[in-house]
Amino acid sequence: MKLMRVGPVGQERPALLGADGVLRDLSGLTSDIDGAFLAGGGVERVRAAAAAGALPVLDGAGLRTGAPVARPGKVVCIGLNYRDHAEETGAAIPPRPVVFMKDPGTVVGPQDQVLIPRGSVKTDWEVELAVVIGRRARYLDSVQEARQAVAGYAVSNDVSEREFQLEYSGQWDLGKSCETFNPLGPWLVTADEVADPQDLGLALSVNGTERQRSSTKNMIFSVAHIVHYLSQYLVLEPGDVINTGTPAGVALGLPDHPYLRPGDVMELSIDGLGSQRQSLVPA
C-alpha cells in the first residue's frame, strides 16, 4: 500500500493511494500516519478497510503532499554506505555502519521548498532510501527480526551543508540539521509491496542534469543489517526514520563542486517509491 498525508503544513490528512490511482481518505480510521498508527495495527486496519471498499474517495486536486510520516521521533542516518560515494569523498570504506543523527524537524514534504541556510556556500544533495520503523526494535536477535520491524520505505533527500558538516565541528550535525533538510515521500510504501529493498534504482538530477544514478544493491550495509545493528545501540521506535546512505555524484565529490544555489531545482526518485521535486530558496 501507498500511504500519504495531504494538505497544508500542520493540517495534513491521512490518505491511501490505491492501485487504481484513486486517493482515499483515512480520517475515519486514524487522525494521522505516525508512530502510534504504525504501532497500533494501523496498516492492517487500512488494508482491511480498503479490501471491504469502506474508504471514501478524497479529492486531492491542488492539495500539497506532506511527508508520509508525521513527527518522526528520530531520524538516524548512515554515512558512506555506498563504496563509490566513500571513494569520491576520499573516505575509507567503513568496516561498520557510520551513524549520525539528524534533527527530525528537518522532515518536510517531497515538493516543499528547501531553504539554503544563511551563510551557506556548500549546500549539497543526497538521494537515499528511507526506512520507516513499524514496531519497537531493541536488541534484535537476527536480521530476520530486523526485516519484521520495518513498516515500509520512502524516498529521502538527505540535504547537507558541507562546510557546516565538515569544517565547523567534529560532528556532522550542524550540516545535516538545517531547516527543510530532509524532504521525505511522497509515499510510505508498505514493506510487503517492496519485493527486495536491495534492488531499487535511485536517481537525482539538478536543473535537468543527472548527478546520481545507482541501485540499492550497491549499499555496503543492507537495510536488514542496518536495522539489526542500530538496535544493539539504541531503541528504534515506530515512526522513526532511517536514511540509509547515498551513492556517488554529490557536489562534494564532483570536480567542479557545483553546490546548490537559489533557483536550482532538484528532482529525485526511487523505483516504486515515487519522485520528489524541490526548488531552492534563501532562508
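What comes next concerns the included structure.

Some remarks on the pattern of salt bridges
Then step 1. For the structure shown, the criterion picks out 20 salt bridges.
Then step 2. Put simply, aspartate 240 and lysine 74 hold a salt bridge, and the shortest N to O gap is 2.7 Å. Of this pair, aspartate 240 sits in the loop between helix H7 (223-231) and strand E16 (241-243) while lysine 74 sits in the loop between helix H2 (42-51) and strand E4 (75-79), and the two are 166 residues apart along the sequence. Across the pair, exposure class does not vary: aspartate 240 and lysine 74 are buried alike.
Then step 3. Between glutamate 167 and lysine 122 there is a salt bridge, with its nearest N and O atoms 2.7 Å apart. Of the two residues, glutamate 167 sits in the loop between helix H5 (162-166) and helix H6 (173-176) while lysine 122 sits in the loop between strand E7 (114-116) and strand E8 (123-124), which places them 45 residues apart along the sequence.
Then step 4. According to the relative accessible area criterion, glutamate 167 is partly exposed, its value standing at 47%.
Then step 5. Linked through salt bridges whose partners overlap, the residues forming this network are Arg5, Glu12, Asp32, Asp34, Arg64, Arg71 and Asp112.

Focus: the sheet that holds strand E13 (residues 188-190)
Then step 1. Reading across the sheet, the 9 strands line up as E3-E2-E1-E13-E10-E9-E16-E4-E5 and stay open at both edges, with mixed pairing between neighbours. Either end of the sheet is taken by a strand with one partner, and the two such strands are strand E3 (23-25) and strand E5 (98-102). Going across the sheet, the axis of each strand differs from the next one's by a mean of 30 degrees, ignoring polarity.
Then step 2. Relative to E5, E4 runs antiparallel, the two sharing 5 bridges. Directly across from valine 75, in E5, lies its bridge partner lysine 102.
Then step 3. Packed onto the sheet, H7 meets E4, E5, strand E9 (127-133), strand E10 (150-157) and E16 and runs at close to 55 degrees relative to E9.

Focus: the environment of serine 214
Then step 1. By the secondary structure assignment, serine 214 is in strand E15 (residues 209-215).
Then step 2. In this structure the C-alpha to C-alpha distance between serine 214 and threonine 65, which are 149 residues apart in sequence, comes to 26 Å.
Then step 3. The residues contacting serine 214, other than those within four sequence positions of it, are Tyr82, Leu200, Gly201, Leu202 and Pro247.
Then step 4. For serine 214, the side chain forms a polar contact with the side chain of asparagine 218, separated by 3.1 Å.

Observations regarding the nonpolar core
Then step 1. Among the nonpolar cores identified, the biggest contains 53 residues, and Trp125, Val227, Ile242, Met266 and Leu273 are the most heavily contacted of them.
Then step 2. By residue number, the principal contributor to this core is H7, which donates 5 residues.
Then step 3. The residues touching methionine 266, leaving out its near neighbours within four places in the chain, are Val114, Trp125, Asn157, Val159, Ser205, Val206, Leu260, Gln276, Arg277, Gln278 and Leu280.

A closer look at the sheet that holds strand E18 (residues 274-282)
Then step 1. Strands sit in the order E7-E18-E17-E14-E15 across an open sheet of 5 strands; the sheet is mixed. The open sheet has two edge strands with one neighbour each: E7 and E15. Pairs of neighbouring strands in the sheet enclose a mean axial angle of 20 degrees, with direction left out of account.
Then step 2. Bridge analysis of strand E14 (residues 201-206) against E15 gives 6 bridges, and the strand direction is antiparallel.

Describing H2
Then step 1. Within H2, burial applies to Gly42, Val43, Val46 and Ala49. Projected down its long axis, H2 carries its buried residues within an arc of 130 degrees, all on one side.
Then step 2. One or two residues past the end of H2 sits glycine 53, with phi positive at roughly 70 degrees.

Considering the packing of aromatic side chains
Then step 1. Counted under the stated rule, the structure contains 3 aromatic pairs.
Then step 2. A centroid spacing of 5.1 Å and a plane angle of 50 degrees characterise the contact between tyrosine 229 and tyrosine 233, whose relative ring orientation is tilted.
Then step 3. The positively charged end of lysine 2 is found above the aromatic ring belonging to tryptophan 187, 5.2 Å away from the centroid.

Focus on the side chain of threonine 123
Then step 1. Among the structural elements, threonine 123 can be located in strand E8.
Then step 2. Accessibility expressed as a relative area gives 0% for threonine 123, which makes it buried.
Then step 3. Within the structure, threonine 123 has its side chain in polar contact with the side chain of serine 120 (distance 2.6 Å).
Then step 4. Once residues within four sequence positions are removed from consideration, threonine 123 is found in contact with Ile116, Pro117, Val159, Ser160, Glu161, Phe181, Tyr259 and Leu260.

Quick notes on the rules
- Residues numbered from 1 in each chain as written.
- Predicted model: local features only at pLDDT ≥ 70, side-chain atom pairs only at ≥ 80, totals over all residues.
- Heavy atoms only, no water.
- Salt bridge = Lys/Arg side-chain N within 4 Å of Asp/Glu carboxyl O.
- Helix = DSSP H or I, 4+ residues; strand = E, 2+ residues; numbered from the N terminus.
- Buried < 20%, exposed > 50% of the residue type's maximum accessible area, 1.4 Å probe, protein only.
- Pairing = 2+ DSSP bridges.
- Axes fitted to C-alpha atoms, helices over the stretch in contact; angles between N-to-C directions.
- Contact = heavy atoms within 4.5 Å.
- Polar contact = N/O pair within 3.5 Å; in protein donor to acceptor, adjacent residues only side chain to side chain.
- Core = buried A, V, L, I, M, F, W, Y, C linked by side-chain atoms within 4.5 Å.
- Arc of directions from axis to C-beta.
- Phe/Tyr/Trp six-rings, centres within 6.5 Å; stacked < 30°, edge-to-face > 60°.
- Lys NZ or Arg CZ within 6 Å of the ring centre and 35° of its normal.

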